[in-house]
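# Structure assessment
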Amino acid sequence: MLLELKNVSKAFSGVQVLDDINIGIKKGEVHVLLGENGAGKSTIIKIITGAYKMDSGEIKWKDRHLQVNKPSDAIEVGIGTIYQELNLIPHLSIMENIFLGHEKKKRRKFSLLDRPAMNKEAKRLMERLGQNVNPNELVKNLGVGQQQLVEIAKALSLNCELIIMDEPTSSLSEREAEQLLQTIERLKQQGMTIIYISHRLEEIKRISDRITVLRDGKKIRTVDTDKTTIDEMISLMVGRSLENKFPKVEFEKGKEVLSVKNLKITPDSPGINFSAYQGEILGIAGLVGAGRTELARAIFGADPVHSGEIIVLGKKHRIRNPLDAIKAGLAFITENRKEEGLFLDQPLVFNKTIARLNKVKKNGLINTQKQKEIANNYVKDLSVRPNNIHLFARYLSGGNQQKVVIAKWLFTDAQVFIFDEPTRGIDVGAKVEVYRLMNQLVENGAGVIVISSELPEILGISDRILVMNEGQITADLDRSEANQEVIMKAATGG
Ligand SMILES: Nc1ncnc2c1ncn2[C@@H]1O[C@H](COP(=O)(O)OP(=O)(O)OP(=O)(O)O)[C@@H](O)[C@H]1O
Ligand SMILES: [Mg+2]
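Treat the numbers as computed from the prediction; the structure is a model and nothing was measured. (Residues numbered from 1 in each chain as written. Chains lettered and ligands numbered in written order. Predicted model: local features only at pLDDT ≥ 70, side-chain atom pairs only at ≥ 80, totals over all residues. Heavy atoms only, no water.)

What follows covers the overall build of the protein. Scanning the protein for helices and strands turns up 17 helices and 22 strands. Relative to the compact-globule value of 23 Å for 494 residues, the protein shows a C-alpha radius of gyration of 24 Å, a close match. Seen along its three principal axes, the alpha-carbon backbone of the protein occupies a region of about 75 × 50 × 50 Å. For the protein, the proportion of contacts with a sequence separation of at least 24, taken over those separated by at least 6, is 66%. Of the roughly 22,600 Å² that the protein leaves accessible, carbon and sulfur atoms contribute 47%. (Helix = DSSP H or I, 4+ residues; strand = E, 2+ residues; numbered from the N terminus. Rg over C-alpha atoms; globule rule 2.2 N^0.38 Å. Contact = heavy atoms within 4.5 Å. Areas by Shrake-Rupley, 256 points an atom, 1.4 Å probe, with all protein chains shown as cover.)

Looking at where Thr228 falls in the secondary structure, it is placed in the loop between β10 (218-224) and α8 (230-238). Among the residues examined, Thr228 registers a relative accessible area of 6% and is labelled buried. Beyond its immediate sequence surroundings of up to four residues, Thr228 is in contact with Lys205, Ile211, Val223 and Met233. (Buried < 20%, exposed > 50% of the residue type's maximum accessible area, 1.4 Å probe, protein only.)

Turning to helix α17 (residues 484-491), its buried residues number three or more, namely Ile487, Ala490 and Ala491. Projected down its long axis, α17 shows its buried positions confined to an angular sector of 100 degrees, all on one face. Exposed residues lying more than 90 degrees from the buried face of α17 are Glu485 and Lys489. Against the buried residues of α17 lie β13 (281-286), α16 (455-461), β21 (464-469) and β22 (472-478). At the N-terminal boundary of α17, the capping side chain belongs to Asn483, with an oxygen 3.1 Å from the backbone nitrogen of Glu485. Downstream of α17 by a residue or two, Gly493 has a phi angle that is positive, lying close to 75 degrees. (Arc of directions from axis to C-beta. Polar contact = N/O pair within 3.5 Å; in protein donor to acceptor, adjacent residues only side chain to side chain.)

As a matter of local geometry, ligand 1 sits amid 19 residues, with Gly38, Thr43, Tyr395, Ser397 and Gly399 nearest to it. Within the side chain of Lys41, an N or O atom sits 2.8 Å from an oxygen atom of ligand 1. Taking Gly399, its main chain carries an N or O atom lying 2.7 Å from an oxygen atom of ligand 1. Protein burial of ligand 1: of its 640 Å² of free accessible surface, 89% is covered by the chains. Elements represented by at least two residues in the shell around ligand 1 include exactly α1 (41-48) and α14 (398-410). Of the residues that constitute the shell around ligand 1, the class distribution is seven nonpolar, nine polar and three charged. Taken together, domain 1 (3-238) and domain 2 (256-491) each give at least three residues to the shell around ligand 1, which thus spans both. (Near = heavy atom within 4 Å. Nonpolar A, V, L, I, M, F, W, Y, C, P; charged D, E, K, R; others polar. Domains from an automatic or database assignment.)

The next point concerns the pattern of salt bridges. A full pass over the atoms with the stated rule returns 26 salt bridges. Note that Glu280 and Arg464 form a salt bridge whose closest N and O atoms lie 2.9 Å from each other. In this pair, Glu280 sits in the loop between β12 (272-277) and β13 while Arg464 sits in strand β21, placing the two residues 184 residues apart along the sequence. Classification of Glu280 as buried rests on a relative accessible area of 4%. Among the ionic pairs, Asp324 bridges to Arg320, the shortest N-O distance being 3.2 Å. (Salt bridge = Lys/Arg side-chain N within 4 Å of Asp/Glu carboxyl O.)

With that out of the way, let us pick up the domain arrangement of the protein. Frequently, the measure chosen for interface size is the accessible area that the parts lose on association. Segmentation of the protein into domains returns domain 1 (3-238) and domain 2 (256-491). Between the C-alpha centres of domain 1 and domain 2 the distance comes to 32 Å. Here domain 1 meets domain 2 over a buried area of about 1,200 Å², counting both sides, of which 47% is carbon and sulfur. Counting the surface domain 1 buries against domain 2, the share from its top three residues, Asn37, Glu174 and His199, is 43%. Linking domain 1 to domain 2 there are one salt bridge. Between Arg200 and Glu454 there is a salt bridge, and its shortest N-O distance comes to 4.0 Å. Counting the contacts that link domain 1 with domain 2 gives five residue pairs in polar contact (both at pLDDT 80 or more). Classifying every residue of the side of domain 1 that touches domain 2 gives four nonpolar, six polar and six charged. (Buried area = accessible area lost by both parts, 1.4 Å probe.)

In this model, Asn7 sits at a positive phi of 50 degrees, which is unusual for a non-glycine residue. Using a relative accessible area of 39% as the deciding quantity, one classes Asn7 as partly exposed. Positioned with a positive phi, Leu313 is a non-glycine residue whose angle comes to about 50 degrees. Locating Leu313 in the fold gives a position in the loop between β14 (307-312) and β15 (315-317).

What follows is the structure, encoded as structure tokens:
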């Protein structure tokens, strides 16, 4: 065993978040931590890396007691962590980022940096990850996927023997995610040990050797990946089997709720035309970068547009900013939920009702009783955990924060809901709840548009699918004629 957690427990203000956890990480394995949102995965990582202190228990590193009081202690023994929020400095080069804080100095002239040596080493490290790059390239010019690889190179340069990755693929495009998975396979061949957290069960199945499943802060079991199935992973995780991952309900197609006419973002961008109808979920598929988020932002007034018309329920609206959009009856649940969607230092009850305070106002005052009631209902529907509406959003697990943002928008009286990658970072069980809420919106007569990069999701929940490529709609498919191949073909312009 390279790393062992023995009887590790942790509580936050009286709530037991980790309860007597025992996990052994073998040298050279890819070990996945799997569990629902709020199960305690990130907390385990934060304890290993010294960001949090455990209440009781012990960590052993190579059979010896390990005391980590701060993140640099973990790095010193050889534990590197790649967090979801990258820690790179954009205007520095790849090399400067890799060696930041442990620069190589020239011998004798000890104050001078040995840039050629660092460049050579940076190039070599990136090559180890399968990347042929110029080490002088600025990090801000790289995509998120490559930036993540720079972080991994930094961990390698610090001679880390264990690399921990907490949901590294949740912000990546499919291509970048594939590249990362290949990098992990490569690192494993080189003898690296990896702790990996993800909600994407297929990728877990592919790259891991063993999986430790957590539920409500308790360890359920550690299984060998090749002796388990995705269905078993799910049932260990949620404590029951999940019969239907996509609870599709068919409604009758009704009137047009949204019509976008000749929408141009710049004078020479192609004019976009489409409509969404009551009674249907309209999926928008496409590769990352196809222009789906840009389209949604343009409709919502979040970015300036050149020209075009937006018609909501037959009425033309001039939308210059998101406030206009909300007034016109649109809701936009963005993909960057944390940055754009949440007030981290406000309790859930506030976050849920902020988009539509009028609804809980009486004589100009906020009816806190009603506000609480509504918040409690959503907490229940989306199984937000812990179900305490007074908790600051900051203290929720990543996936639970996302549920709160979704709930916030569901509370508005919008006619049209545009969801951008709604289930990123959300566990399998909670995904089903999100789909159910979408069905409910459709049932209530709203238009629902879902942008998603996950083809099974798009195929599972949509009644109709638009495919985009290079800023244009290249296909408009009925549920019955859509499949992975047809979508991929339209998405790649083929
Ligand atoms: N600083 C904190 N104060 C209070 N509660 C916290 C704090 N940090 C985490 N928690 C709680 O600990 C529990 C476990 O959270 P953790 O972030 O470990 O979950 P997770 O398994 O990583 O979930 P996700 O899949 O959503 O990322 C959650 O209920 C969370 O609200
Ligand atoms: Mg987490």
